[in-house]
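Geometric and topological summary
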Amino acid sequence: MDMLSAATQVRENAHAPYSRFKVGAAIRAASGRIYVGCNVENVAYPEGTCAEAGAIAAMIAAGDRQLNEVLVIADSPAPVPPCGGCRQKLVEFGAGDTPVTMCTLDGATRVMTLAELLPGRFDASHMAKA
Ligand code: THU
C-alpha cells in the first residue's frame, strides 16, 4: 500500500473526540516497511498523542531505526504540518533532507524537509563540550 492510502486509512481510526481533528501519519523506514499512526486523545487533554508519535512508536517497536519519508494527512484547510514536539521526534530518526509530505483530504499537498521544519534543532552535539 502507498503512503497516502496508508495514512488516509489509519486516520479513520483516530480517537479525537475532543478536538474532532483526526490525523493520520505514515512513515517509510529504511527497510522499506511502512508504519502508520493516528492521534489518540485523552479526557486529560495533555495526555493525548499525535499521529506522528504513534507511527514512530510502531516503527521502533518493529525494529526499524531510520525513517526515509513521512506523510501526514488531516481534514484541514491547508496541508497540516507536524507540531513542534513531533518535529523533534521525527529528526531523532530522520535526516535533514528527509521529506515530509503534508496533505489535506481535498488533495492539497506541500513537501518540506526535516531541516526546513526544524532549523537550529537541538541534537546530541549540544551535549558534548568540544
Ligand atoms: N495532531 C497530530 O496528531 N499531528 C499533527 O501534526 C498536528 C496535531 C493532533 C493532536 C490533537 O489530537 C489534534 O491533532 C489537535 O491538535
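Only a predicted model underlies this, so the values are computations on that prediction, with no experimental measurement involved.

Per the secondary structure count, the chain includes four helices and five strands. Expressed as a percentage of the 130 residues in the chain, the buried residues total 37%. Counting contacts in the chain only where the partners sit at least 6 residues apart, residues at least 24 apart contribute 58% of the total. Here the chain contributes 11 positive and 13 negative side-chain charges, whose respective centroids are spaced 4 Å apart.

Pairs of packed helices are described in terms of their axes, by the angle between the two and the distance that separates them. Two numbers describe how helix α2 (residues 51-62) lies on helix α3 (residues 84-93): the axes approach to 10 Å, and their chain directions differ by 25 degrees. Considered as vectors, α2 and α3 are oriented roughly parallel to each other. For the element pair α2 and α3, the recorded crossing hand is left-handed. In this structure, α2 contributes E52, A53, I56, M59 and I60 to the contact, and α3 contributes C86, K89, L90 and F93.

Moving on, we come to the pattern of salt bridges. For side chains bearing opposite charge, pairing can occur when the charged atoms are close. All chains considered together, the criterion is met by two salt bridges. Taking the shortest distance from any N to any O, the salt bridge between E12 and R11 comes out at 3.7 Å. For R11, a relative accessible area of 8% puts it in the buried group.

Let us look at the site of the ligand. Around the ligand, the surrounding shell consists of S19, F21, V23, N39, E41, C50, A51, E52, P81, P82 and C83. Between an oxygen atom of the ligand and a main-chain N or O atom of P81, the distance comes to 3.3 Å. Isolated, the ligand exposes 370 Å² of accessible area, and the fraction of that covered by the protein chains is 76%. Because more than half of its atoms lie within 2 Å of the grid, the ligand is assigned to the largest pocket. Within the shell around the ligand, the residues separate by chemical class into seven nonpolar, two polar and two charged.

So, on to the pairing of strand β5 (residues 109-113). Here five bridges tie strand β4 (residues 99-104) to β5, and the two strands are oriented antiparallel to one another. Looking at β5, one finds that T101 is bridged to V111. In this structure, the hairpin formed by β4 and β5 is closed by a connection of four residues, where G107 is found at a positive phi of approximately 105 degrees.

Moving on, we get to helix α1 (residues 3-11). Three or more residues of α1 are buried, namely M3, A6, A7, V10 and R11. The arc enclosing the buried residues of α1, seen along the axis, measures out at 130 degrees, which places them on a common side. Considering only its buried residues, α1 is in contact with β1 (23-29), β2 (34-38) and β3 (67-74).

Per the stated rule, a full pass over the model turns up one aromatic pair. With a centroid separation of 5.5 Å and an interplanar angle of 40 degrees, the aromatic rings of Y18 and Y45 are classed as tilted. One end of the pair, Y18, is in the loop between α1 and β1; the other, Y45, is in the loop between β2 and α2, and 27 residues separate them in sequence. The exposure class assigned to Y18 is partly exposed, which follows from its relative accessible area of 39%.

Another point: α3. Among the residues of α3, C86, R87, L90 and V91 are the ones counted as buried. Taken around the axis of α3, the buried residues stretch over an arc of 135 degrees, which confines them to a single face. Turning to α3, the residues buried within the fold contact β1, α2, β3 and α4 (114-117).

Definitions and limits used
- Residue numbers here run from 1 along each chain, matching the order of that chain's written sequence.
- Selection of residues for local features in this predicted model requires a pLDDT of at least 70, selection of side-chain atom pairs for listing and counting requires 80 or more, and totals for whole chains, interfaces and linings are taken over all residues.
- Each side-chain value is worked out from all heavy atoms of the structure, with water and hydrogens disregarded.
- What counts as a helix is a DSSP run of H or I of at least four residues, what counts as a strand is a run of E of at least two, and both are numbered from the N terminus.
- Accessible area is worked out with a 1.4 Å probe on protein chains only. A residue is then buried under 20% of its type maximum, exposed over 50%, and partly exposed in between.
- Two residues qualify as a contact provided that any one of their heavy atoms is within 4.5 Å of a heavy atom in the partner residue.
- Positive charge is attributed to Lys and Arg, negative charge to Asp and Glu, and no charge count is given to His or to the chain ends.
- The atoms used to mark charge sites are NZ of Lys, CZ of Arg, CG of Asp and CD of Glu.
- Only the stretch in contact is used when fitting a helix axis, every axis being a line fitted to C-alpha atoms; angles between N-to-C directions are given from 0 to 180 degrees.
- Any angle that is under 35 degrees is reported as roughly parallel, and any over 145 degrees as roughly antiparallel; angles of 65 to 115 degrees are reported as roughly perpendicular and all others as oblique.
- Left-handed describes a crossing in which the near helix is turned anticlockwise from the far one by less than a right angle; the clockwise case is right-handed.
- Whenever Lys or Arg places a side-chain nitrogen within 4 Å of a carboxyl oxygen from Asp or Glu, that contact is recorded as a salt bridge.
- Near is defined per residue: the residue qualifies when any heavy atom it owns lies within 4 Å of the molecule or strand.
- N or O atoms within 3.5 Å of each other form a polar contact, as long as, within protein, one can give a hydrogen and the other can take it, and as long as residues adjacent in sequence are counted only when both atoms are side-chain atoms.
- Per-residue accessibility takes into account occlusion by the displayed protein chains alone, with areas from the Shrake-Rupley method and a 1.4 Å probe.
- Both site types are read off a 1 Å grid over the protein atoms alone. A 1.4 Å probe that fits but cannot get out defines a cavity, while an open set with protein on both sides within 12 Å along at least five of seven lines defines a pocket; lining residues have an atom within 4 Å of a point.
- Each molecule is assigned to a cavity or pocket provided more than half of its atoms lie within 2 Å of the corresponding grid points.
- Each residue gets one of three labels, nonpolar for Ala, Val, Leu, Ile, Met, Phe, Trp, Tyr, Cys and Pro, charged for Asp, Glu, Lys and Arg, and polar for the others, Gly among them.
- When DSSP locates at least two bridges between a pair of strands, those strands are taken to pair.
- The arc under discussion is defined with respect to the helix axis, by the directions toward the C-beta atoms.
- Between 30 and 60 degrees the pair is tilted, below 30 it is stacked and above 60 it is edge-to-face, where a pair is any two Phe, Tyr or Trp rings, Trp via its six-membered ring, whose centres lie within 6.5 Å.

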